Amino acid sequence: MKTATGWMIIHNGQLVDGTGAQPLRDGAVVVRDGRVAYAGPASRVPETPPDATSIDARGGTIMPGLVEAHFHPTYFNVANLEDLDIKYPVEYVTLLAAANAKLALECGYTSARSGGSLFNIDHWLKKAIENEIAPGPRLSTSGREICGVGGLMDWNPDFRRIGMEGLVLLVNGPNEARAAVRKLVKDGVEWIKTYPTGDAAAPDTNDHHTLCMTFEEMHACVATAHNHGLKVTGHCRATEGIKNALRAGYDALEHGTFMDDEALEMLLLRDVPVVPALQFEWASIEHGPALGMGRKVVDGHKETLEGGAESARRILKAGGRLGMGGDYGFAWNPHGDYAKELSFFVKYVGFSPLETITCATKTGAEIMGRADEFGTLEPGKLADVLVVDGDVLADIGILEDRARLLAIVQGGVLKAGTLSLAGGRSAAGRP
Ligand SMILES: [Zn+2]
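In this numbering scheme, every chain counts its residues from 1 along its sequence in written order. Per-residue local features are limited, in this predicted model, to residues with pLDDT of at least 70; the limit for side-chain atom pairs, both in listing and counting, is 80 or more; totals at the level of whole chains, interfaces and linings are taken over all residues.

Counting its regular elements, the protein contains 12 helices and 16 strands. Against the compact-globule benchmark of 22 Å for 431 residues, the protein has a radius of gyration of 21 Å, which places it among compact chains. Reported as C-alpha extents along the three principal axes, the dimensions of the protein are approximately 70 × 45 × 40 Å. Neighbour counting defines burial: a residue surrounded by 20 or more other C-beta atoms within 10 Å of its own C-beta is buried, one with 12 or fewer is exposed, and intermediate counts give partly exposed, using backbone-placed C-beta atoms. Across the 431 residues that make up the protein, the buried fraction comes to 57%. What counts as a helix is a DSSP run of H or I of at least four residues, what counts as a strand is a run of E of at least two, and both are numbered from the N terminus. Taken over C-alpha atoms, the radius of gyration is set against a globule rule of 2.2 Å times the number of residues to the power 0.38.

Moving on, we get to the domain arrangement of the protein. Segmentation of the protein into domains returns domain 1 (7-65 + 376-427) and domain 2 (66-367). Source of the domain bounds: an automatic or database domain assignment. Taken over C-alpha atoms, the centre of domain 1 sits 30 Å from the centre of domain 2. Domain 1 puts 22 residues into the contact, and the matching count from domain 2 is 21 residues. Elements with a minimum of two residues in the side of domain 1 that touches domain 2: strand 4 (53-64), strand 15 (405-410) and strand 16 (413-416). Ranked by residue count, the leading element in the side of domain 1 that touches domain 2 is strand 15, at 3 residues. Ten residue types, Ala, Val, Leu, Ile, Met, Phe, Trp, Tyr, Cys and Pro, are classed as nonpolar, four, Asp, Glu, Lys and Arg, as charged, and the remainder, Gly among them, as polar. Of the residues contributing to the side of domain 1 that touches domain 2, the split by class is 11 nonpolar, 7 polar and 4 charged. Once C-beta atoms are placed from the backbone, any two residues with those atoms within 7 Å are in contact.

Right, let's talk about the sheet that holds strand 4 for a bit. At least two DSSP bridges between two strands are needed for those strands to be called paired. Taken together, 7 strands build an open sheet; the order of strands is 3-2-1-4-14-15-16 and the sheet is mixed. Since the sheet does not close on itself, it has two edges, and those belong to strand 3 (35-41) and strand 16, each with one partner. With strand direction ignored, the average angle separating the axes of adjacent strands in the sheet is 35°. Relative to strand 3, strand 2 (residues 24-32) runs antiparallel, the two being bridged by 6 bridges. In the strand pairing of strand 3, V29 is matched with A39. To define axes, lines are fitted to C-alpha atoms, for helices over the stretch in contact only, and angles between the resulting N-to-C directions are given on a 0 to 180 degree scale.

Quick look at the packing of helix 2 (residues 90-106) against helix 3 (residues 121-130) now. Contact geometry of helix 2 with helix 3 gives a least axis separation of 10 Å together with a crossing angle of 50°. By the criterion of interaxial angle, the relationship of helix 2 to helix 3 is oblique. Two packed elements cross with a definite hand, and for helix 2 against helix 3 that hand is right-handed. Facing V93, T94, A97, A98 and A101 of helix 2, the residues of helix 3 in contact are I121, L125 and I129. Among the residues forming the contact of helix 2 with helix 3, the class breakdown is 7 nonpolar, 1 polar and no charged. To sort the angles, those under 35 degrees are grouped as roughly parallel, those over 145 as roughly antiparallel, those from 65 to 115 as roughly perpendicular, and the leftovers as oblique. Throughout, a crossing is termed right-handed when the near helix is turned clockwise from the far one, and left-handed when it is turned anticlockwise from it by less than a right angle.

Nonpolar cores are built from buried Ala, Val, Leu, Ile, Met, Phe, Trp, Tyr and Cys residues. These are joined into a set through C-beta atoms within 7 Å. In this structure, I10, V29, C221 and V387 are the most contacted members of the largest nonpolar core, which totals 133 residues. Ranked by residue count, the leading element in this core is helix 2, at 7 residues. Taken domain by domain, this core gets at least three of its residues from each of domain 1 (7-65 + 376-427) and domain 2 (66-367). Those residues in contact with C221, other than ones at most four positions away along the chain, are I146, A177, V181, I192, T194 and V232.

The next point concerns unusual backbone geometry. Phi at R58 takes a positive value of approximately 55°, unusual for a residue other than glycine. Tracing the chain through its elements places R58 in strand 4. With phi around 50°, F119 is a residue other than glycine that occupies positive phi space. Tracing the sequence through the fold places F119 in the loop between strand 6 (109-114) and helix 3. Among the residues examined, F119 registers 20 C-beta atoms within 10 Å and is labelled buried.

Take the residue count of a helix, subtract one, and multiply by 1.5 Å to get its expected span. Compared with the 18 Å implied by 1.5 Å per residue over 13 residues, the 18 Å span of helix 5 (residues 215-227) between its first and last C-alpha is a close match. Of all the positions in helix 5, only E217, M218, H219, A220, C221, V222, T224 and A225 are classed as buried. The elements touched by buried residues of helix 5 are strand 8 (145-148), strand 9 (168-171), helix 4 (174-187), strand 10 (191-194), strand 11 (231-236) and helix 6 (239-248). The first or second residue beyond helix 5 is G229, which carries a positive phi of 80°.

With that settled, the discussion passes to the sheet that holds strand 6. Pairing is parallel in the open sheet, where 3 strands are placed in the order 5-6-7. In this open sheet, the two strands that pair with only one neighbour each are strand 5 (66-71) and strand 7 (138-140). Direction aside, the axes of adjacent strands within the sheet are offset by 20° on average. Of the pairings in the sheet, the one linking strand 5 to strand 6 comprises 4 bridges and is parallel in character. Pairing of V67 across the sheet is with S111, part of strand 6.

Every residue gets a pLDDT, meaning the predictor's confidence in that residue, from 0 to 100. Averaged over every residue, the pLDDT of the protein is 95; residues scoring 70 or more account for 97%. pLDDT under 50 marks residues 424-431. Its contacts with residues more than four places away, or in other chains, come to 14 contacts.

Contact geometry for helix 10 (residues 340-349) and helix 11 (residues 353-367): axes closest at 9 Å, N-to-C directions at 145°. Judged by the twist between their axes, the crossing of helix 10 over helix 11 is right-handed. For the pair formed by helix 10 and helix 11, the contact residues are L342, F345 and V346 on the first element and P353, T356 and A360 on the second. Its residues placed into classes, the contact of helix 10 with helix 11 shows 5 nonpolar, 1 polar and no charged.

For an α-helix, the turn length of 3.6 residues means that residues three or four places apart are oriented alike. Every buried residue belonging to helix 6 is among G241, I242, N244, A245, L246 and A248, and all of these are buried. Those residues of helix 6 that are buried lie in contact with helix 5, strand 11, strand 12 (253-255) and helix 7 (261-270). After helix 6 finishes, the residue G249 shows a positive phi value of roughly 100°.

Below, the structure written as structure tokens:
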């Protein structure tokens, strides 16, 4: 992705730099050639050339672009598990993924890490974004998701003879797990997404206390992936599945729902980040029944919401790392709602807005393995900046409202936001 040339000054707003530091009341960011040259008090802004572009934050907030840490560009309006795999052909899913990536950028997400992909679309979507063929967040890719035969993601009965050609690679034993990872290495992905445990979505045979892969299969995934420089994550709800993942050497956990003291200790020892995705649970409980979600499934989501919220609180309190990502792309939890995750953590889980924003910026970049490039507004980093009309620390819900996003800047280029709609560069006058 190209970075801008020349200078940009973003001023007249509080600066929330993403490091977790308290906000600077009258802050400014100076960008030179697509990178942050200065981030600090407006009173000490260095001299800039007269042709520098200027963005007026209107007394609002200047902060790093958000990182969606559990993004499924290829999921779209999923109402049943079956919708995930056999609803549309690869051609149409590719177009949907491109539209979802554009939407995420317009929602203030300048980066995203995938939580699993249909076909091998993430990899090619990333290429299209990097080559500026399609707009979207800087992407950290996953490929098809690995699950044990008979596990959560193996829902088609054998008599249908359908298989899981779109989303999942089903494995039986460590040899097949190794073969699946090797296929994904060839596909070019960065993350191996696995299913160590079940979920409330499948209460009869693969609920949230069920294991869907053996430790041997999980360890084979990690050994093969790490050998090729790839990272491994997994859908981890059941306590034993979380421990298996941590013992096997996983690089991140999705959900991390039911953590006992031993699991938390293991997590902290290796400082493994967790992406809880809790708004999804709440949305399932709130909107699922109207979409035909059964009572057992809803009850299961209540249990995983409670367990997940409690684990998130304990992880934060103990100094662990959490990413903000929300499994968007379901009928009851659609694309575009990404920032609802942040509001949920403030309103229901009890995080402060500043803690939540740090998780959604700095930690997100760390999970992507690119914390030295973006995630905070510090000199030398890529100028991925979100300019918001309003005080996000007083009301984090402002981030849900795209009309309040003045500018979404990626590598110093104004890509989206109301100022870009008003005519791009011309909308931003001289200081
Ligand atoms: Zn997911």
